[in-house]
2 protein chains.
Amino acid sequence: MDKYVQILKEHGLKVTPQRLEILRYLDMHKVHPTADIIYSELKKSNPSLSKTTVYNTLQHLGEHGLVYSLTISGSELRFDSNINQHHHFLCKTCGSIIDIDIECPNAKKVEAGGHRIDEVHGYFKGVCASCLKKLKNGDD
Amino acid sequence: MDKYVQILKEHGLKVTPQRLEILRYLDMHKVHPTADIIYSELKKSNPSLSKTTVYNTLQHLGEHGLVYSLTISGSELRFDSNINQHHHFLCKTCGSIIDIDIECPNAKKVEAGGHRIDEVHGYFKGVCASCLKKLKNGDD
DNA sequence: CTGTTATGTTGTAACGATTACAATCTAGGG
DNA sequence: CCCTAGATTGTAATCGTTACAACATAACAG
Ligand SMILES: [Mn+2]
Ligand SMILES: [Mn+2]
Ligand SMILES: [Zn+2]
Ligand SMILES: [Zn+2]
């Protein structure tokens, strides 16, 4: 049985072609795309796809813990199918969002305050190594 | 000389009544208000205030490091005049955004990857202690 | 103090991401 | 194979934010 079919079934979600394609797209493109990017790309092979379906599906997948939405940019949500705890770096020069494989060691302290934590988001913003290098080369 | 006048002058910003009021509002109301909340509140005493001015001013103050904008909610920016490094907790039940006084110990690791960090955002989302207590009491 | 000018303010219109809604379709159980 | 709850679609609406142009004013020189 197809990997993505299985994932949907395990979570009691109806298996539809749209859901399968969105799941697969996120799994194959780990650059934290927007809903609109996912829509535009998948529309190429499925011209009847609706943007509403992309939004609905991403929300469903999110509610079932299959995808994660990042608010790092402030203007649009970015989606991530990597469920493992990790942080993100947003380059303000090239716009790319880079995975930072660290876990937050502070969660315990927050829970000590009596709050219940469901999500941890660690965001860094600045200029990525690649863009810094380009800037330096342009100097001379 | 007024505290806020001094802050603006130190940063080479023209001193205007609007900027002074926005600075003061943020300093007096540390609940991470939206631009719209700031606008609505200040409009009471200055009916000619424009929403554009609030957005422009917040952006200027941000560029000069006098305020910080949080993308924690994903749907709207929240503003913070507390410049000291700290994290935030968003309660998905009552919507409040609570300061968490911890610094991120991971910044060094990110910089080790060659990236330049300008901003660090630590966000936790869940249910706050106060809302948890209410939920528990409602159980019986 | 007054005139000049760069900059700030205002109101309105435009924009872009997301959501609401109603009609149509379909996955999956019986 | 049929039924129906739930999914998909297209369109319109919403909401936060930004663009723009006319007008106003802070700050500085004289
Ligand atoms: Mn990621
Ligand atoms: Mn804060
Ligand atoms: Zn970059
Ligand atoms: Zn709460």
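Below you will find a few notes about this structure.

Quick notes on the rules
Residues numbered from 1 in each chain as written. Chains lettered and ligands numbered in written order. Predicted model: local features only at pLDDT ≥ 70, side-chain atom pairs only at ≥ 80, totals over all residues. Heavy atoms only, no water. Contact = heavy atoms within 4.5 Å. Buried area = accessible area lost by both parts, 1.4 Å probe. Salt bridge = Lys/Arg side-chain N within 4 Å of Asp/Glu carboxyl O. Polar contact = N/O pair within 3.5 Å; in protein donor to acceptor, adjacent residues only side chain to side chain. Helix = DSSP H or I, 4+ residues; strand = E, 2+ residues; numbered from the N terminus. Nonpolar A, V, L, I, M, F, W, Y, C, P; charged D, E, K, R; others polar. Near = heavy atom within 4 Å. Donors = N, O, S within 2.8 Å, 3.2 Å for Na, K, Ca; no water. Tetrahedral: all angles 85-135°; square planar, octahedral: opposite > 155°, others 65-115°. Buried < 20%, exposed > 50% of the residue type's maximum accessible area, 1.4 Å probe, protein only.

1. Observations regarding the interface of chain B and chain A
Now for step 1: The partner chain A presents 35 residues to the 35 residues of chain B that form the contact.
Now for step 2: A buried area of about 2800 Å², summed over both sides, lies between chain B and chain A, and 62% of it is on carbon and sulfur atoms.
Now for step 3: The largest contributions to the chain B side of the interface with chain A come from His 115, Phe 124 and Lys 125 of chain B, which together make up 20% of the buried area.
Now for step 4: At the boundary of chain B and chain A, one finds 4 salt bridges.
Now for step 5: For Lys 92 of chain B, the salt bridge is made with Glu 119 of chain A, and the minimal N-O distance between the two is 3.7 Å.
Now for step 6: At the boundary of chain B and chain A, one finds 11 residue pairs in polar contact (both at pLDDT 80 or more).
Now for step 7: Those elements that place two or more of their residues in the side of chain B that touches chain A are strand S3 (87-91), strand S4 (97-100), helix H5 (107-112), strand S5 (116-127) and helix H6 (129-138) of chain B.
Now for step 8: Among the elements that take part in the side of chain B that touches chain A, S5 of chain B stands out by supplying 12 residues, more than any other.
Now for step 9: Residue composition of the side of chain B that touches chain A, by class: 17 nonpolar, 11 polar and 7 charged.

2. Some words on the protein's contact with DNA strand C
Now for step 1: As a matter of local geometry, DNA strand C sits amid 17 residues, with Tyr 55 and Leu 77 of chain A together with Thr 16, Arg 19 and Thr 53 of chain B nearest to it.
Now for step 2: Within the contact set of DNA strand C, a sugar or linking oxygen lies 3.2 Å away from a side-chain nitrogen or oxygen of Lys 14 of chain B.
Now for step 3: The contact in question runs from a phosphate oxygen of DNA strand C to an N or O atom on the side chain of Thr 53 of chain B, over 2.7 Å.
Now for step 4: Residue assignment for the surface near DNA strand C shows that the elements contributing at least two residues are helix H4 (51-63) of chain A together with helix H2 (17-28) and helix H4 (51-63) of chain B.
Now for step 5: The element that contributes the greatest number of residues to the surface near DNA strand C is H4 of chain B, accounting for 3 residues.

3. Some details on the coordination of the zinc ion (ligand 3)
Residue and element names in this part refer to chain A.
Now for step 1: Coordination of the zinc ion (ligand 3) by the protein involves Cys 91 (SG), Cys 94 (SG), Cys 128 (SG) and Cys 131 (SG), with metal-donor separations of 2.2 to 2.4 Å.
Now for step 2: One can describe the site at the zinc ion (ligand 3) as tetrahedral: its 4 donor atoms subtend angles covering 105 to 119 degrees at the metal.
Now for step 3: Here the donor residues of the zinc ion (ligand 3) are spaced in sequence according to C-x2-C-x33-C-x2-C.
Now for step 4: Here Cys 91 falls in the buried class, since its relative accessible area comes to 1%.
Now for step 5: Overall, Cys 94 belongs to the partly exposed group, its relative accessible area being 42%.

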